[in-house]
Amino acid sequence: SAVISQKPSRDICQRGTSLTIQCQVDSQVTMMFWYRQQPGQSLTLIATANQGSEATYESGFVIDKFPISRPNLTFSTLTVSNMSPEDSSIYLCSVKTSINTGELFFGEGSRLTVL
Amino acid sequence: GENVEQHPSTLSVQEGDSAVIKCTYSDSASNYFPWYKQELGKGPQLIIDIRSNVGEKKDQRIAVTLNKTAKHFSLHITETQPEDSAVYFCAASSTLGEYGNKLVFGAGTILRVKS
């Protein structure tokens with residue numbers, strides 16, 4: 001398993017601003033992902049954070065709106081840009097510790113409310 | 001791509017009774033099926049998983065069954081306790097090909113155990 005820390009745990013933001021969420025893992029991991037969970041909904045994959053290169057985005061998500069960095073094997077950031085109330089969600093960092101297994105571990109999430 | 005459907009959306013059981021949550025998936029290439037439990041204000045926690053080369057897996061009061069032919073899998077919780085109350089998500093992924101390592105989640109089931 002892995003211990004995943006996310007900051008901030010929650011925030012209230014103004015429309016039109018941007019917020020960066022940090023994800024720190026206690027060990028080197030092969031893969032890191034960012035998920036979104038809208039209120040009362042399931043989890044939707046935003047992108048795979050690739051170490052040293054551009055993230056791989058899922059359909060419906062673009063780099064301009066959700067820029068992602070992954071400078072090393074233990075850290076990643078997700079920025080939610082030019083926020084609107086529709087961006088109010090929980091954003092979850094998740095990791096795989098082994099590329100050969102499917103086990104995915106999640107952080108506690110960052111709950112964003114956009115006014 | 002993969003599509004996962006989960007039923008029921010809510011489930012209320014009396015303490016001590018059993019609970020069953022069912023999921024179906026669409027992509028025959030999927031070979032990994034985890035179940036996550038999410039308590040209020042927390043990130044999802046992996047509680048049990050099954051791979052396509054196995055039909056059933058058990059861990060104390062929790063069991064998962066997989067029917068590859070019918071493309072469905074189920075979570076069974078026996079002797080339910082109030083602390084089992086949470087949202088449960090099923091998921092599916094293939095560790096190979098275009099969708100390798102990407103988990104697709106079901107919509108979630110709110111389980112309430114009444115004492």
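Preceding block: the structure.
What comes next concerns the included structure. The residue count restarts for each chain, going from 1 along the sequence in the order it is written. By the order in which they are written, chains take letters starting at A while ligands take numbers starting at 1. Totals for whole chains, interfaces and linings use all residues, but because this is a predicted model, local features are given only for residues with pLDDT of at least 70 and pairs of side-chain atoms are given and counted only at 80 or more. Derived side-chain values reflect all non-hydrogen atoms in the structure, with water molecules and hydrogen atoms excluded from consideration.

1. A look at the overall build of chain A
Helix and strand counts for chain A come out as zero helices and 11 strands. Going along the chain from the N terminus, every DSSP run of H or I of four or more residues is numbered as a helix, and every run of E of two or more is numbered as a strand. N-terminal to C-terminal, the α/β element order of chain A is β-β-β-β-β-β-β-β-β-β-β. In terms of C-alpha radius of gyration, chain A reaches 13 Å, essentially the compact-globule figure of 13 Å for 115 residues. Judged by the C-alpha coordinates and their principal axes, chain A covers about 40 × 25 × 20 Å. The buried label applies to any residue whose accessible area, calculated with a 1.4 Å probe on protein chains only, is under 20% of its type's maximum; exposed applies above 50%, and partly exposed to all values in between. Looking at chain A as a whole, 51% of its 115 residues are labelled buried. Counting contacts in chain A only where the partners sit at least 6 residues apart, residues at least 24 apart contribute 53% of the total. The Shrake-Rupley method, run with a 1.4 Å probe sphere, supplies the accessible areas, and residue values consider only the shown protein chains as cover. When the accessible surface of chain A is totalled, it reaches about 5400 Å², and 47% of it is carbon and sulfur. Each charge class in chain A was averaged separately, 8 positive and 9 negative side chains, and the resulting centres sit 4 Å apart. Radius of gyration means the value over C-alpha atoms here, while the globule rule gives 2.2 Å times the residue count to the 0.38 power. Contact between two residues is taken to exist if any of their heavy atoms lie within 4.5 Å; hydrogens are not considered. We count Lys and Arg on the positive side and Asp and Glu on the negative side, and we leave His and both chain ends out. For charged residues, the charge sits on one atom: NZ in Lys, CZ in Arg, CG in Asp, CD in Glu.

2. Observations concerning the overall build of chain B
Looking only at helices and strands, one finds zero helices and 11 strands in chain B. Reading the helices (α) and strands (β) of chain B from amino to carboxyl end gives β-β-β-β-β-β-β-β-β-β-β. The buried share of chain B, reckoned over its 115 residues, is 47%. Averaging the locations of the 12 positively and 13 negatively charged side chains of chain B gives two centres separated by 2 Å.

3. Focus: the sheet that holds strand 3 (residues 19-25) of chain A
Residues and elements named next belong to chain A. Spatial strand order, 1-3-8-7: four strands in an open sheet with antiparallel pairing. Unpaired on one side and paired on the other, strand 1 (4-7) and strand 7 (68-72) mark the two borders of the sheet. The sheet shows a mean angle of 15° between the axes of neighbouring strands, taken without regard to direction. Relative to strand 8 (residues 75-80), strand 3 is paired through six bridges, and the arrangement is antiparallel. When the bridges of strand 8 are listed, Cys 23 appears paired with Ser 76. Pairing between two strands is assigned when DSSP locates at least 2 bridges connecting them. For helices, the fitted axis covers only the stretch in contact; all axes are lines through C-alpha atoms, and the angles between them, taken along N-to-C directions, range from 0 to 180 degrees.

4. A look at unusual backbone geometry
In the segment running from A:Lys7 into A:Pro8, the intervening peptide bond is cis, with an omega of -5°. Along the polypeptide, A:Pro8 turns up in the loop between strand 1 and strand 2 (10-13). Geometrically, the link from B:His7 to B:Pro8 is a cis peptide bond, its omega value of -5° lying close to zero. As for its position among the elements, B:Pro8 is in the loop between strand 1 (4-7) and strand 2 (10-14). Of note, the phi angle at B:Lys71 is positive, near 55°, even though the residue is not glycine. Its place among the elements puts B:Lys71 in the loop between strand 7 (62-67) and strand 8 (72-77). Owing to a relative accessible area of 26%, B:Lys71 belongs among the partly exposed residues under this scheme. Within the chain, B:Glu79 stands out as a residue other than glycine whose phi angle is a positive 45°. In this fold, B:Glu79 is placed in the loop between strand 8 and strand 9 (86-92). The exposure class of B:Glu79 is exposed, given its relative accessible area of 52%.

5. Structural notes on the state of the cysteines
Note on terminology: disulfide describes a covalent bond linking the sulfur atoms of two cysteines. Residues and elements named next belong to chain A. Note on terminology: pairs of cysteine sulfur atoms within 2.5 Å are recorded as disulfides. For the coordinates displayed, the defined rule picks out two disulfides over all chains. With a sulfur-sulfur separation of 1.9 Å, Cys 23 is cross-linked through a disulfide to Cys 93. Because the torsion about its S-S bond is -65°, the bridge between Cys 23 and Cys 93 counts as left-handed. Of this pair, Cys 23 sits in strand 3 while Cys 93 sits in strand 9 (residues 89-96), and the two are 70 residues apart along the sequence.

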